[in-house]
Amino acid sequence: MVRRLVDHLDESDASFSHIHGHHNTTVPLKAHYKATSSFISFDTREGSLPGDNIRNFLHGCISSGCFQLLWVLDLERVYKPNLPVEVGKLTLLRYLGLRWTSLEILPSSISKLLNLLTLDLKYTNIITLPSEIWKLQQLRHLYLSERDWSKFRHQPSAGSLTDLQTLWGLFIDEKTPVKDGLDRLLNLRKLALKFRLTPSQQEAMVSQLEAVADWVLKLNHLQSLRLTSNDEENQPWDLDLKPLSNHVKLSTVYLLGRLKNPSVISELPNSLTGLTLSWSGLAEDPMQKLDKLPNLRVLRLLRRSYIGKHMLCSSGGFPQLRVLKLWVLEQLEEWNVEEGALGALRDLEIRSSVVEDAPLRIAM
């Protein structure tokens, strides 16, 4: 009897014919998989066959009374393993991994997976998330596709997903239920959102930015925050953020977009260990505001995060900084580093910081 089933696509494995062969009543699936607690597939072949094989195998097993003790179902990189409706019978399932599967739809029967803790849909082709997700009251971690189509369209009811800790890769447009919806999720530790502006919906999207800023302000358990904002042509658009100095558990922040409130950079918590800024459009030298963060170890100032000409790292600044990356700061002409600054630096990378072919001047 198989406790942990792993499909390596190896014909010598006893399970190979069950998973990739013809399914019929003569195959004693229940005798093999009645007590199976995890199933992981490494079938990364192209074409429809891998997905068909997995679907047929799951259908055969579950219909035969197998997999009733399954905790883990991981189908990462199996091409389009369209899940059978019977997957809803896997009531003990804790982890459902569908990353890089190009899956386009989830069966509504997932609403019956009441013990599910992690649902990983990164890099799938699921356009609209089914309303049934709101019924997964034990869900702690929800990873979405990080593409422009992972959308919530249904207003969550009060009390839905109150214990959710990770919401990663959600696409926010003018119809996303943020206010009095998503902003009820207050136990989040990790949050990653992507905004996309359409010219006809600019006013609505400004309201969405404000609603998200208010929501983030209430996330007292937040440890990791990632916000990106673009327009239809994939050019950076506005980001709204309020002071985060009271978020004492926040360790990493990634912001891509024009900061409507640049002063927020001077109101980051001392707990911060990693900060990435891109297209922020900061006119004032951010180093004078960031160098006092006592635990900052990684700082990435990427394209047009700073649009000034001069940068100064003062003596004693950045006591813990290990990694500093300055990428495509096109207006930067001079960077002064005083003695005693950046004492712990191990990795410095500068890319394309030039003005009219004049090299960046560094004084140390």
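Residues numbered from 1 in each chain as written. Predicted model: local features only at pLDDT ≥ 70, side-chain atom pairs only at ≥ 80, totals over all residues. Heavy atoms only, no water.

Visitor: What exactly am I supposed to notice about the nonpolar core here?
Guide: As a rule of thumb, soluble globular proteins bury nonpolar side chains together. Of all hydrophobic cores here, the largest spans 95 residues; its most connected members are F39, F67, L167, L182, L191, W215 and L299. Among the elements that line this core, the one with the most residues is helix α4 (residues 202–217), at six residues. (Core = buried A, V, L, I, M, F, W, Y, C linked by side-chain atoms within 4.5 Å. Buried < 20%, exposed > 50% of the residue type's maximum accessible area, 1.4 Å probe, protein only. Helix = DSSP H or I, 4+ residues; strand = E, 2+ residues; numbered from the N terminus.)

Visitor: Where do I start with the side chain of D74 in this structure?
Guide: Turning to its location among the elements, D74 is positioned in strand β3 (residues 72–74). Of the buried charged residues, D74 lacks a salt bridge, with R99 as the closest side chain of opposite charge at 7.8 Å. (Lys, Arg positive; Asp, Glu negative; His and termini not counted. Salt bridge = Lys/Arg side-chain N within 4 Å of Asp/Glu carboxyl O.)

Visitor: For this particular structure, what's the right way to read the pattern of salt bridges?
Guide: Think of it this way: side chains of opposite charge can pair up when their charged atoms draw near. Per the counting criterion, the structure on display carries twelve salt bridges. Across the pair E104 and K80 runs a salt bridge, and its minimum N-O distance is 3.2 Å. Here K80 lies in the loop between β3 and β4 (95–97) and E104 lies in the loop between β4 and β5 (118–120), a separation of 24 residues in the sequence. Residue E104 is classed as partly exposed on the basis of its relative accessible area of 47%. D291 serves as the salt-bridge partner of K292, at 3.3 Å between the closest nitrogen and oxygen. Via salt bridges that share partners, K325, D347, E349 and R351 belong to a single interconnected network.

Visitor: Any chance you could explain the packing of aromatic side chains here in plain terms?
Guide: Note on aromatic pairs: each is described by the distance of the centres and the angle between the planes. Tallied over the entire structure, the rule returns six aromatic pairs. With a centroid separation of 5.8 Å and 80 degrees between ring planes, the pair formed by F57 and F67 is classed as edge-to-face. A residue pair is termed long-range when its members are at least 10 positions apart, and F57 in helix α3 (residues 49–63) and F67 in the loop between α3 and β3 qualify at ten residues. Against the face of W71 rests R94, its NZ or CZ located 4.1 Å from the ring centre. One Lys or Arg, R226, reaches over the ring of Y254 and ends 3.9 Å from the middle of that ring. (Phe/Tyr/Trp six-rings, centres within 6.5 Å; stacked < 30°, edge-to-face > 60°. Lys NZ or Arg CZ within 6 Å of the ring centre and 35° of its normal.)

Visitor: Is there a simple way to explain the pairing of strand β1 (residues 4–7) in this structure?
Guide: On a regular strand, one side chain projects to one face of the sheet and the next to the other, so that they alternate. Alternating residues of β1 divide into L5 and D7, all buried, and R4 and V6, none buried. In this sheet, strand β2 (residues 38–41) lies alongside β1 in parallel orientation, the contact comprising four bridges. When the bridges of β2 are listed, L5 appears paired with F39. (Pairing = 2+ DSSP bridges.)

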